[in-house]
Amino acid sequence: MLCTIYILKLLRKNRRWNMSLIIKNANLYGENIVDIKINGEKIESIGCNLNDDECEIYDAKERLTLPGGVDVHTHMSLDLGKFVAVDDFHTGTRAAACGGTTTIVDHIAFGSKESYFDEMIKKYHKMAKDLAIIDYSFHGAIQDSRDKTLELMESYHKNEGIVSTKIYTTYGGKLNDDKILKILKKAKETGTVVCVHCENDGAIAELREEAKSKNELDPIYHAKTRPAETEAEAINRLIYLSEIAGYPKLYIVHTSTELGLNEIKKARKRGVKNLYCETCTQYLLLDEQKYIDGGNSEGIKYIMSPPLRKKSDQNALWQGIIDGEVNVVATDHCPFFYETEKLPYKDNFYDCPGGAPGVEERLELILSEGLKRGISLDRLIEVLIANPAKIFGLYPKKGNINPNSDADIIILEKEKYVIKQENRHSNVDYTSYEGFESDYKVKTVLCRGKFVLSEGKYLGVPGYGKFIKRKLAK
């Protein structure tokens, strides 16, 4: 009995672990100063002058208060065979949390050609369960259109909360058009969101072989062998296939070019439904000059697919956010060690692992740059938080601050600071955004009512994050 009383007193003293909290003086969405009462994992009420003697009080000091960020494109521990992404579900979600993201949806790796995607889903559950700092879910990954695969799409949608899947038009697991059409038709039946990596595999293969034969292997040739047309063609093709299938939910991942975005805009104008466009932080803030500046040793850091593009593409994507044509900004976070896994291939992009870090920087930098470009805070919140939650079946549990939603809340200081590797929290040994200045700094993060970050002090606990079963209407 005495032991129980002591534990209760200890828990009451350390309210970070206690279950009731009032956030005072929160500048909610940059519009109103309010109090937010949290009971357990949920938001109980929002109002003025909320008080409860049994609650911990946290003073937000009229700082910008937003829902936790939602990143629906990450690759934790992605196994490419020779290389494995160096952030697992502990270090990757730690970095995400420190940057204000409280939920991720991870794109899983392919299993063997003979396997079905449920085997990898089960593996990922084990990989994430005791490591994740914040909440998470998974996209499926499909590399065939066998009858059992289509059955699993339906059963996982109905029973397991996996309401989205990924297919590729390039790489080893790519699908030809007949198989893509079968998957799109099934997705129309089930309501599944089909996420597609859109690049023309044949054209890229030919251009890469040509570059290799000419010994054109500097990092810039990574961009030259994956030109904008390869993305635009594949986007166009997938949209027409979706029309044949009756307009299932088609989500174009990491759109990187003006040409690709224009295909989406033209399709919408002619009446295509259920078409979503994602871009990523890197395509908004970095351009292909990175492959040249600093020489090959620096350029090799930015080998990713799609590659970095031209300034004109960057500006078109920002305009797409303004116009409502770009629905989501994600990261495609997939880091590999610079010193040991990137740098050795500085003179041979062909063999360099593709992927880069970014899960921590997304929210701060896109808010900073977006506001400088005159984009409203509301619109930036949509692409960073609300839209990804809505498109992928997390809303209203995630992606908003309202009674009964999860108490995923972030508080940001209007404070200029420079992003450096030394203030990052990923396991990787570099940041893609070294030297970038942010106008905002995430100070406090709550995930389901628990402090993960409090006034800059990290309090994350591996295994606290839980798998979120998602639900979508057809």
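Quantities reported herein were computed from a predicted structural model and do not represent experimental measurements.

(A) Inspection of the overall build of the protein chain at higher detail. The helix and strand inventory of the protein chain stands at 15 helices and 17 strands. A compact globule built from 474 residues should have a C-alpha radius of gyration of about 23 Å, and the protein chain, at 22 Å, falls within 12% of that. Taking the principal axes of its C-alpha atoms as reference, the protein chain extends roughly 75 × 50 × 45 Å. Residue pairs at least 24 apart in sequence account for 77% of intrachain contacts in the protein chain once pairs closer than 6 positions are excluded. Accessible surface, the protein chain as shown: approximately 18500 Å² in total, 49% of it carbon and sulfur. If the 68 positive side-chain charges of the protein chain are averaged to one point and the 70 negative ones to another, these points end up 4 Å apart.

(B) View of the side chain of Glu 325. If you trace the backbone, Glu 325 turns up in the loop between α12 (311–323) and β13 (328–330). The exposure class assigned to Glu 325 is buried, which follows from its relative accessible area of 18%. Contacts of Glu 325, omitting those with residues within four sequence positions, involve Leu 261, Lys 265, Arg 268, Cys 277, Gly 320 and Arg 379.

(C) How the structure looks around the packing of aromatic side chains. One pass over the structure, following the stated rule, counts 17 aromatic pairs. Geometrically, the ring pair formed by Tyr 124 and Phe 138 is edge-to-face, given 5.8 Å between the ring centres and 80 degrees between the ring planes. With Tyr 124 in helix α3 (residues 117–129) and Phe 138 in strand β8 (residues 135–141), this residue pair connects regions lying 14 residues apart in the sequence. Linked through ring pairs, Phe 89, Tyr 124, Tyr 136, Phe 138 and Phe 467 together constitute an aromatic cluster. The ring centre of Tyr 116 lies 3.9 Å from the NZ or CZ of Arg 146, which sits over that ring.

(D) Structural view of the packing of helix α14 (residues 362–372) against helix α15 (residues 377–391). It is at 10 Å that the axes of α14 and α15 come closest, and there the two elements cross at 150 degrees. If you check the angle between α14 and α15, you find them roughly antiparallel. As for the relative orientation of α14 and α15, their crossing is right-handed in sense. The segment α14 lies against α15, with Arg 362, Leu 363, Ile 366, Leu 367, Gly 370 and Leu 371 engaging Leu 377, Leu 380, Leu 384 and Ile 385. Partitioning the contact of α14 with α15 into residue classes produces eight nonpolar, one polar and one charged.

(E) Quick peek at helix α6 (residues 201–213). Taking 1.5 Å of rise per residue, the 13 residues of α6 would be expected to cover 18 Å, and the 18 Å separating its terminal C-alpha atoms lies within 8% of that figure. Among the residues of α6, those classed as buried are Ile 204, Arg 208 and Ala 211. An end-on view of α6 places all buried positions within 60 degrees of arc, on one side of the element. Facing away from the buried surface of α6 by more than 90 degrees, the exposed residues are Glu 206 and Ser 213. Two or three places before Gly 202, at the opening of α6, Asn 200 has a side-chain oxygen 3.2 Å from that residue's backbone nitrogen.

(F) Quick peek at the UniProt feature "domain: Amidohydrolase-related" (unreviewed entry) in the protein chain. On the UniProt side, "domain: Amidohydrolase-related" (unreviewed entry) is annotated at positions that read residues 66–452 here. Helix makes up 39% of residues 66–452 and strand 18%. Its end C-alpha atoms lie 15 Å apart.

(G) Expanded view of the nonpolar core. With 127 residues, the main nonpolar core has Phe 138, Tyr 251, Leu 367 and Leu 412 as its most contacted residues. When residues of this core are assigned to their parent elements, the largest contribution, eight residues, is made by α15. In contact with Tyr 251, other than residues within four places in its own chain, are Val 72, Val 193, Val 194, Cys 195, Val 196, Tyr 276, Glu 278, Val 328, Ile 391 and Phe 392.

(H) The arrangement of the pattern of salt bridges in detail. Under the counting rule described, the total for this entry stands at 37 salt bridges. Salt-bridge contacts for Arg 268 lead to Glu 325; the nearest nitrogen and oxygen are separated by 2.9 Å. With Arg 268 in helix α9 (residues 258–269) and Glu 325 in the loop between α12 and β13, the pair connects residues that are 57 residues apart, well separated along the chain. Residue Asp 406 is joined to Lys 397 by a salt bridge in which the shortest nitrogen-to-oxygen separation is 3.8 Å. Three or more residues joined by partner-sharing salt bridges are found here, namely Glu 41, Lys 42, Asp 135, Lys 397, Lys 398, Asp 406, Asp 408, Arg 448 and Lys 466.

(I) Representation of the state of the cysteines. Counting across every chain of the model gives zero disulfides. Cysteine Cys 352 remains unbridged, with the sulfur of Cys 334 as its closest cysteine sulfur at 11 Å.

(J) Here's a closer look at the UniProt feature "modified residue: N6-carboxylysine" (unreviewed entry) in the protein chain. Within the UniProt annotation, "modified residue: N6-carboxylysine" (unreviewed entry) is assigned to Lys 166. Assessed through its relative accessible area of 2%, Lys 166 is described here as buried. Ignoring sequence-local partners within four residues, the contact set of Lys 166 consists of His 73, His 75, His 107, Gly 140, Ala 141, Ile 142, Cys 195, His 197 and Val 253.

(K) Expanded view of the side chain of Asp 35. Counting through the fold element by element, Asp 35 comes out in strand β2 (residues 32–39). Side-chain polar atoms of Asp 35 contact the side chain of Lys 24, separated by 2.8 Å. A polar side-chain atom of Asp 35 sits 2.9 Å from the main-chain amide nitrogen of Asn 49. Dropping the residues within four chain positions of it, Asp 35 is found in contact with Ile 22, Ile 23, Lys 24, Asn 25, Ser 45, Ile 46, Gly 47, Cys 48, Asn 49 and Leu 50.

(L) Looking closely at the environment of Ile 385. With respect to the element layout, Ile 385 can be found in helix α15. Separated by 284 residues in sequence, Ile 385 and Thr 101 place their C-alpha atoms 8.7 Å apart. In this view, Ile 385 contacts Leu 66, Pro 67, Gly 68, Gly 69, Val 70, Leu 363 and Gly 399; residues no more than four positions away in its chain are not counted.

The rules we used
- Residues numbered from 1 in each chain as written.
- Predicted model: local features only at pLDDT ≥ 70, side-chain atom pairs only at ≥ 80, totals over all residues.
- Heavy atoms only, no water.
- Helix = DSSP H or I, 4+ residues; strand = E, 2+ residues; numbered from the N terminus.
- Rg over C-alpha atoms; globule rule 2.2 N^0.38 Å.
- Contact = heavy atoms within 4.5 Å.
- Areas by Shrake-Rupley, 256 points an atom, 1.4 Å probe, with all protein chains shown as cover.
- Lys, Arg positive; Asp, Glu negative; His and termini not counted.
- Charge placed at Lys NZ, Arg CZ, Asp CG, Glu CD.
- Buried < 20%, exposed > 50% of the residue type's maximum accessible area, 1.4 Å probe, protein only.
- Phe/Tyr/Trp six-rings, centres within 6.5 Å; stacked < 30°, edge-to-face > 60°.
- Lys NZ or Arg CZ within 6 Å of the ring centre and 35° of its normal.
- Axes fitted to C-alpha atoms, helices over the stretch in contact; angles between N-to-C directions.
- Parallel < 35°, antiparallel > 145°, perpendicular 65-115°, else oblique.
- Left-handed = near helix turned anticlockwise from the far one by under 90°.
- Nonpolar A, V, L, I, M, F, W, Y, C, P; charged D, E, K, R; others polar.
- Expected span 1.5 Å × (residues − 1).
- Arc of directions from axis to C-beta.
- Polar contact = N/O pair within 3.5 Å; in protein donor to acceptor, adjacent residues only side chain to side chain.
- UniProt positions renumbered as here; feature names shortened; annotations may be inferred.
- Core = buried A, V, L, I, M, F, W, Y, C linked by side-chain atoms within 4.5 Å.
- Salt bridge = Lys/Arg side-chain N within 4 Å of Asp/Glu carboxyl O.
- Disulfide = S-S within 2.5 Å.

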